[in-house]
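# Descriptive structure summary
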Amino acid sequence: MPAGTLYRGREGMWSWVAHRVTGVLIFFFLFVHVLDTALVRVSPEDYDKVVATYKTPIVALLEYGLVAAILFHALNGLRVIAVDFWSKGPRYQKQMFWTVMGVWIVLMVGAIYPVLGHAARVLFGS
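Here is a short report on the structure shown in this document. None of these values were measured; they are calculated from a predicted model.

Turning next to the overall build of the protein. Counting its regular elements, the protein contains 4 helices and 0 strands. Across the protein, helices and strands are ordered from the amino to the carboxyl terminus as α-α-α-α. Scaling as 2.2 N^0.38, a compact globule of 126 residues should have a C-alpha radius of gyration of about 14 Å, whereas the protein reaches 19 Å, well beyond that. With the C-alpha coordinates aligned to their principal axes, the bounding extent of the protein is approximately 55 × 35 × 20 Å.

Following this line, the structure appears as structure tokens:
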């Protein structure tokens, strides 16, 4: 595969940027998650306070963003693998990008209720 074929065009450039950004965001989430989980050994009371803040509607929106980042990163990663290891991958990368985006949108719509349902009930009542 000639150099530069993986990220040719606007779609390729934006998928490259989004893949890096989502990877960094996921890394920082994991870092914070390890720290807040380790807090249980230091101070169980403080750990309970931190966990209580996670039940707010704002954090529910952040969780939805986390789901969005993980799903995009995973789906785009599969596309990158296909481009790298399938002989026809570079030829079909644009179609694969739009397939990834379509699947990602469907999954994100499906994640609205499971992820944001509790926040909606808190804000608007049962």
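This model, assessed by the stated rule, comprises 1 salt bridge. Asp 46 is the salt-bridge partner of Lys 49, the closest N and O atoms lying 3.9 Å from each other. One end of the pair is Lys 49 and the other is Asp 46, both in helix α2 (residues 44-53) and 3 residues apart, which spans about a single turn. Classification of Asp 46 as partly exposed rests on a relative accessible area of 35%.

What follows concerns the packing of aromatic side chains. Counting across every chain of the model gives 4 aromatic pairs. Ring geometry for Trp 86 against Tyr 92: centres 5.6 Å apart, planes inclined by 15°, an arrangement best described as stacked. Relative accessible area serves as the criterion here: at 40%, Trp 86 is assigned to the partly exposed category. A residue is classified by how much of its surface remains accessible, and Tyr 92, at 33% relative accessible area, is partly exposed. Pairing Phe 97 with Trp 98 gives two aromatic rings, centres 4.9 Å apart and planes at 75°, and the pair type is edge-to-face.

Glancing now at the side chain of Thr 22. With respect to the element layout, Thr 22 can be found in helix α1 (residues 9-42). Residue Thr 22 is classed as buried on the basis of its relative accessible area of 10%. Of the polar contacts made by the side chain of Thr 22, one reaches the backbone oxygen of Ala 18; its length is 2.8 Å.

Parameters and conventions
- Residues numbered from 1 in each chain as written.
- Predicted model: local features only at pLDDT ≥ 70, side-chain atom pairs only at ≥ 80, totals over all residues.
- Heavy atoms only, no water.
- Helix = DSSP H or I, 4+ residues; strand = E, 2+ residues; numbered from the N terminus.
- Rg over C-alpha atoms; globule rule 2.2 N^0.38 Å.
- Salt bridge = Lys/Arg side-chain N within 4 Å of Asp/Glu carboxyl O.
- Buried < 20%, exposed > 50% of the residue type's maximum accessible area, 1.4 Å probe, protein only.
- Phe/Tyr/Trp six-rings, centres within 6.5 Å; stacked < 30°, edge-to-face > 60°.
- Polar contact = N/O pair within 3.5 Å; in protein donor to acceptor, adjacent residues only side chain to side chain.

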